[in-house]
Amino acid sequence: MKKRRRDLKEAAIRAFFLTCGVLAVLVLVGIFLTLVTTAVPAFREIRPSEFLLSKAWDPTSPEKAEYGILSMVVSTLMVTGGALLLAVPIGIAVAAYLSDVAHWRVREVLKPVVEILAAVPSVVVGFLGIVLIGPVLAKIFHTGNGLNAANGSILLAIMALPTIISISEDSLNAVPTAYNEASLALGASRWQTLLRVKLPAGLSGIIAATMLGMGRAIGETMTVLMVTGNARAFPHGFLDSVRTMTSGIAIELGEVPYYTTHYYALFAIGLVLFVITFAVNLVADVVLRKYQEREQ
Amino acid sequence: MKKIAIIALAALALFGSILPAAPARKMIQVKGSDTMVNLVQILAEEYMGKTPGAAIAVLGGGSGTGITGLINQTCDIANSSREWKPKEIDQAWEKGVSPRFFVVAVDGLSVVVNEKNPLEQLTVAQVGALYRGDVKNWKAVGGSDKAVSLYGRQSNSGTYVFMQEFVLGNKNYSADMKEMNGNAQIIEGLLQDEGAVGYVGVGYLYDQNGGIRKGLKILNISKEPNGTGYLPTDKAAVDSGAYPISRPLYMATNGKPKSDVAQFLAWIVGPEGQSIVEREGFFTVGEGKYKAANDKNFK
């Protein structure tokens, strides 16, 4: 009797945890299906080739409604790419400093500080962009205003840094000390050891960190919405005002008439974004797994 | 036994909560213009807070929806940000509805530049050309040799549509226009950007002390080239319609407004309602022709 009861309890607990695990998968599948079913009707009126390749987006135009997302896709890639260009070198340098150079006391302080940076709300970061980085950019480049892709890139770099630093540092620390010692014993300097032994050994972790940082940057909405100016024109440089896919959705979904082509088209943008972030995360996951396998 | 008692108790509680709500006063249904829906919602909330027993429901849907609603008698007040078309008035009469119109606020936009911009005046057509992207340098409209930097609202805003209809002549906005998240952000851009031009509700031009905010310059707008320009802050010009980028916002009722509807309307066009209208960034009705028309329609 007692044993049966315990078995029952065991089974119940097992079922509970299984449900929790399955729930996460269900939510993901649910989101994906909702996106697909809501995005597909858009293509009753929009040709997919026009949707992906046209630069003009103006669904509320009194002349002719345009549904081309190329400008937004390029803007998203530009802002994200710019952010990575800034964040990756700095991130790796900080990670290398923390794992190899810094005194342990410095590290004990610096690492939590970097991680707190990740907790700053995106609206606050965006505000920083409006009042500080924007005017500074405008002064330096004489553009009159700082509402451009460069501003967005700088802010996204700040937001992606904690992820990149934290995971890169972990991967550098995970490099077996034997590698380090062997290199030093062979007469290599600490700099040579870091550059030629530790960084290559931790490379897959660093790549994964970059990918995760990128995933964070692509999906970020509020910060970008606040500082990039949201002009719909096709961007020709980092000093142009741009509108990313996320801002486009955020701006227009609020008051779009339901069940219209415009409404469905916004979900289609969401689907494209989902596919991009999914691909980025998948690559990060594959790289990370490869790196963990090698460690074992 | 216990179960039954619980069910009975629950049922009682349910009835208790429903019953007193049923015989409440008739709710005033307001429907129409999306431009007005926020303003009227706020007016209704403040009014309900001050008037015990008042119940007002405000819905958007566009001016056309409101007008159809009043004609079919599914609402008590129709909001519209345009005049009724003659066809709509005919339809109303056919259904035995005799609409009366009240101007509750005036929607108008100021065209604002940075204070370093030497320009003083533009015509409506020139503002349209700037925002369509036809003119890309201030020199072409009589300003200094500087690139035009456009600031506007996002397409979900009523002001965006109003500008597009009234000033751009229903043509597309330039794709280079920066679409800002609100009037306040446009002001922020105008303060920094020497080539900037933006349009904002008149309520956003003032600082806490009631003066025009430092760093901004409001342009005089004229209807014709070489015509006299007017400022949107000039109440008389707005009232008389001499300031071109403005339009009255209407609330229409079926026949002479009665009891609680009349009280609500009278409160809106009264000092309390109008101070909220101004706070929300619209022009007040003023003392001119709109007030005279309103007074006539109340009788």
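The numbers attached to residues start from 1 for each chain and follow its sequence in the written order. Chain letters start at A and ligand numbers start at 1, both assigned in the order the entries are written. For this predicted model, a pLDDT threshold of at least 70 governs which residues receive local features, and a threshold of 80 or more governs which side-chain atom pairs are given and counted, while totals over whole chains, interfaces and linings are taken from all residues. The basis for every side-chain value is the complete set of heavy atoms in the structure, and neither hydrogens nor water enter the calculation.

(A) Structural view of the interface of chain A and chain B. Each side of the interface is counted separately: chain A has 23 residues, and chain B has 22 residues. Each of two parts loses accessible area, computed with a 1.4 Å probe, when they are put together; buried area is these two losses added. When the area that chain A buries against chain B is broken down by residue, the three leading residues are A:P62, A:E63 and A:R232, summing to 24%. For this analysis, a salt bridge means a side-chain nitrogen from Lys or Arg found within 4 Å of a carboxyl oxygen belonging to Asp or Glu. Where chain A meets chain B, there are two salt bridges. One salt bridge in this structure joins A:R232 and B:E179, with 3.3 Å as the shortest N-O distance. Pairs of N or O atoms within 3.5 Å make up the polar contacts considered here, provided that, within protein, one atom can donate a hydrogen while the other can accept it, and that residues adjacent in sequence are counted only when both atoms are side-chain atoms. Seen at the junction of chain A and chain B, the total is 12 residue pairs in polar contact (both at pLDDT 80 or more). Contacts are assigned to residue pairs with any non-hydrogen atoms lying within 4.5 Å of each other.

(B) Focus on the pattern of salt bridges. Counted by the stated rule, this structure contains 19 salt bridges over all chains. Within the structure, one salt-bridge network assembled from shared partners comprises A:D58, A:R232, A:R243, A:E252 and B:E179.

(C) Structural detail: the environment of B:A55. Looking at where B:A55 falls in the secondary structure, it is placed in the loop between α2 (34-50) and β2 (56-61). Apart from residues no more than four positions distant in its own chain, B:A55 is found in contact with B:K26, B:M27, B:I28 and B:M48. Under the scheme used here, helices are H or I runs from DSSP no shorter than 4 residues and strands are E runs no shorter than 2 residues, and both carry numbers assigned from the N terminus.

(D) Up close: the packing of aromatic side chains. Aromatic pairing here means that ring centres of Phe, Tyr or Trp (its six-membered ring) are within 6.5 Å. Orientation follows from the plane angle: under 30 degrees is stacked, over 60 is edge-to-face, and everything else is tilted. Scanning all chains against the criterion turns up 17 aromatic pairs over all chains. Arranged with centres 6.1 Å apart and planes meeting at 15°, the rings of A:F274 and A:F278 form a pair that is stacked. Taken together, the residues A:F274 and A:F278, both in helix α12 (residues 261-295) and four residues apart, mark about one turn of the helix. With a relative accessible area of 18%, A:F274 lands in the buried category. Taking the centre distance of 4.3 Å and the plane angle of 35° together, the rings of B:Y160 and B:Y173 count as tilted. Taken as a pair, B:Y160 in helix α6 (residues 158-166) and B:Y173 in the loop between α6 and β7 (178-180) lie far apart in primary sequence, 13 residues in all. You'll find B:Y160 and B:Y173 in the same group, each marked buried. Exposure classes here rest on a 1.4 Å probe applied to the protein chains alone. A residue is buried below 20% of its type maximum, exposed above 50%, and partly exposed in between.

(E) Layout of the packing of helix α5 (residues 122-141) of chain A against helix α6 (residues 149-173) of chain A. Residues and elements named next belong to chain A. The angle between two axes is taken between their N-to-C directions and runs from 0 to 180 degrees, where each axis is a line fitted to C-alpha atoms and a helix contributes only its stretch in contact. At a closest axis distance of 10 Å, the pairing of α5 and α6 adopts a crossing angle of 135°. If you check the angle between α5 and α6, you find them oblique. The handedness of the crossing between α5 and α6 is right-handed. Facing S122, V125, G126, G129, I133, G134 and L137 of α5, the residues of α6 in contact are A150, N151, I154, L155 and M159. An angle below 35 degrees is treated as roughly parallel, one above 145 as roughly antiparallel, one from 65 to 115 as roughly perpendicular, and anything else as oblique. Handedness of a crossing follows from how the near helix is turned relative to the far one, being left-handed for an anticlockwise turn of less than a right angle and right-handed for a clockwise one.

(F) Seen up close, the environment of B:A236. All names here are of chain B. Assignment of secondary structure puts A236 in helix α8 (residues 235-240). On the basis of relative accessibility, which here comes to 53%, the residue A236 falls in the exposed class. Between the alpha carbons of A236 and G288 there is a distance of 7.9 Å; along the sequence they are 52 residues apart.

(G) How the structure looks around the layout of surface pockets. A 1.4 Å probe that fits into a set of points on a 1 Å grid over the protein atoms alone but cannot get out defines a cavity; an open set with protein on both sides within 12 Å along at least five of seven lines defines a pocket, and lining residues are those with an atom within 4 Å of a point. Grid points are joined across faces, edges and corners, and a volume is the space filled by probe spheres set on the points. Its volume calculated, the second largest pocket comes out at about 720 Å³. Lining the second largest pocket are 32 residues, and of these A:T143, A:N145, B:S149, B:K178 and B:D193 lie nearest its centre. If you list the elements that add at least two residues to the lining of the second largest pocket, you get α5 of chain A together with β6 (149-153) of chain B. Examining the composition of the lining of the second largest pocket, we find that three residues originate from one element, α5(A), more than from any other. Residues of the lining of the second largest pocket, tallied by class, amount to 13 nonpolar, 11 polar and eight charged. Charged residues are taken to be Asp, Glu, Lys and Arg, nonpolar residues to be Ala, Val, Leu, Ile, Met, Phe, Trp, Tyr, Cys and Pro, and polar residues to be all remaining types, Gly included.

(H) Geometry of a nonpolar patch on the surface. By definition, no residue in a patch forms a salt bridge, and every one has over 30% relative accessible area; like charges are joined within 9 Å, nonpolar side chains (Val, Leu, Ile, Met, Phe, Trp, Tyr) within 5 Å. What sets the accessible areas is the Shrake-Rupley method with a 1.4 Å probe; for residues, cover comes only from the shown protein chains. A cluster of nonpolar side chains, namely A:F127, A:L128, A:V131, A:L132, A:V136, A:I140, A:F141 and A:L239, defines an oily patch on the protein surface of about 710 Å² accessible area. Tracing the chain through its elements places A:L239 in the loop between α10 (222-227) and α11 (245-253).

(I) Geometry of α5(A). Residues and elements named next belong to chain A. G129 marks where α5 bends most, by close to 40°. Taken residue by residue, α5 has V125, G126, G129, I130, I133, G134, L137 and A138 as its buried positions. Within two residues after α5, H142 carries a phi angle of roughly 50°, on the positive side. To obtain the bend at a residue, axes are fitted to the seven residues ending there and to the seven starting there, and the angle between these axes is taken.

(J) Structural view of unusual backbone geometry. Despite not being glycine, A:N230 has its phi angle at roughly 60°, a positive value. Topologically, A:N230 is positioned in the loop between α10 and α11. Residue A:N230 is classed as buried on the basis of its relative accessible area, which comes to 1%. The phi torsion at B:N226 lies on the positive side, around 65°, for a residue other than glycine. When you line up the elements, B:N226 lands in the loop between β10 (220-222) and α8.

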